[in-house]
Each structure stands twice: as structure tokens, then as C-alpha cells.
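Okay, here's what each chain looks like letter by letter:
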Amino acid sequence: MEDFEDYPELTRAALPQAVLSVLSHGENHGYAIAEALRRHGFTRIKGGTLYPLLKRLEEQKLTQHLWTHEHAGPPRKLFKLTPHGEAELQRAEAAWAGMTHALSEIRTTSQEKS
């Protein structure tokens, strides 16, 4: 896999969509979200990046959180996608696909000189 994290602007642009994509598979806590991102190439994501993003996504009503209380250990904050977040993920996926197509076209199409 290419190390796209050598391009921080690309990583910053893709990270909200990546988090929404992880949550589209079901609710999860921050550490599990970070692990899922790492498995898919976001190897440099730290809590100082992820948790403020999760807060922004919640402020935008794309995600929400709930607390779970297990018998052992402290309560855990679980994040889940809202219906608005699901719609935003679909919109973002379409926009990203459009950008990918445009970049591919630019790269492969000979350009007329004016």
C-alpha cells in the first residue's frame, strides 16, 4: 500500500470520511476507530487528531455518542453515525469518486495548448 500519509493535506481531507466510514459498520469507541484507521493505512493518527475530529463530527450532527457501563473498567464512550452522518458519507464518497475521476482524466488526457 502506498504511504498516502506522506501527503498530510490528503490525509486531513480524507480523515473525516474515513471516520464516518468506520462508523458506518456500527458504533465504536475512539481506540477501536483509531485501530481500524491504522489497519487501513492511517498509521500516524493519534488521539490528539482523532478526538477533536470526533467532537467536530458530533457538533455537525454527523455522529453522536453514548456511554456504556461494563462490569469491569470505567464507562466507555461509544460513537455512532447519525442519519445525517450517513447522508454526508454518501455525499463525500460521491465527491471523492468525482475528484478521483477528474484527476485520472487530467493525467491520462492529452491537453491541447492554447
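Each residue is numbered by its place in its chain's sequence as written, counting from 1. In keeping with the predicted nature of the model, local features appear solely for residues at pLDDT of at least 70, side-chain atom pairs appear and are counted solely at 80 or more, and the whole-chain, interface and lining totals rest on all residues. The side-chain quantities take in all heavy atoms of the structure and omit both hydrogens and water.

1. Observations concerning the environment of His-65
Just so we agree on the cut-off: Where helices and strands are cited, they refer to DSSP runs of H or I of at least four residues and of E of at least two residues respectively, numbered from the N terminus. Contact definition: two residues touch when any of their heavy atoms are within 4.5 Å. Think of a polar contact as two N or O atoms within 3.5 Å of one another; within protein, one of them needs to be a possible hydrogen donor and the other a possible acceptor, and neighboring residues in sequence only count if both atoms come from side chains.
Relative to the helices and strands, His-65 resides in strand E2 (residues 63-68). With 42 residues separating them along the chain, His-65 and Leu-23 place their C-alpha atoms 11 Å apart. Residues within four places of His-65 in sequence aside, it is in contact with Glu-58, Lys-77, Leu-78 and Phe-79. A distance of 2.5 Å separates a polar atom in the side chain of His-65 from a polar atom in the side chain of Glu-58.

2. Structural notes on helix H3 (residues 47-59)
Note the cut-off: Expected helix span is computed as 1.5 Å times (number of residues minus one). Buried, partly exposed and exposed residues are distinguished by accessible area as a fraction of the type maximum, computed with a 1.4 Å probe on protein chains only: under 20%, between the cut-offs, and over 50%, respectively. Regarding the arc, it is the one traced by the directions from the helix axis to the C-beta atoms.
Between its first and last C-alpha, H3 extends 18 Å over 13 residues, near the 18 Å set by a 1.5 Å rise per residue. Among all positions of H3, only Leu-50, Leu-53, Leu-54 and Leu-57 are buried. Summarising the axial view, the buried residues of H3 lie within an arc of 105 degrees, below the 170-degree limit, and thus occupy one face. Every exposed residue of H3 that faces more than 90 degrees away from the buried side is listed here: Gly-48, Lys-55 and Glu-59. Elements that come into contact with the buried residues of H3 comprise helix H1 (8-23), helix H2 (30-39), E2 and strand E3 (76-81). A positive phi of about 65 degrees marks Lys-61, the residue just after H3.

3. Some remarks on the packing of H2 against H3
Heads up, the condition is: To obtain each axis, a line is fitted to C-alpha atoms, and for helices this fit is confined to the stretch in contact; angles are then taken between N-to-C directions over 0 to 180 degrees. In what follows, roughly perpendicular refers to angles from 65 to 115 degrees, roughly parallel to angles under 35, roughly antiparallel to angles over 145, and oblique to any angle outside these ranges. Less than a right angle of anticlockwise turn of the near helix away from the far helix marks a crossing as left-handed, whereas a clockwise turn marks it as right-handed. Any residue that is not Ala, Val, Leu, Ile, Met, Phe, Trp, Tyr, Cys, Pro, Asp, Glu, Lys or Arg is counted as polar, Gly included; the first ten are nonpolar and the last four charged.
Relative to each other, H2 and H3 sit at 115 degrees, their axes nearing to 11 Å. If you check the angle between H2 and H3, you find them roughly perpendicular. Here H2 and H3 pass one another in a crossing that is right-handed. Contacts between H2 and H3 involve Gly-30, Tyr-31, Ile-33, Ala-34 and Leu-37 from the first element and Leu-50, Tyr-51 and Leu-54 from the second. Partitioning the contact of H2 with H3 into residue classes produces seven nonpolar, one polar and no charged.

4. Topic: the sheet that holds E3
Strands pair in a sheet through their backbones, by hydrogen bonds, and they do so in one of two ways: parallel or antiparallel. Here is the rule we go by: A pair of strands is considered paired only if DSSP assigns at least 2 bridges between the two.
With antiparallel pairing, the three strands of this open sheet are ordered in space as E1-E3-E2. If you trace the sheet from one side to the other, it starts and ends with strand E1 (28-29) and E2, each paired once. Against the sheet, H1 engages E1, E2 and E3, with an angle of about 100 degrees to E3.

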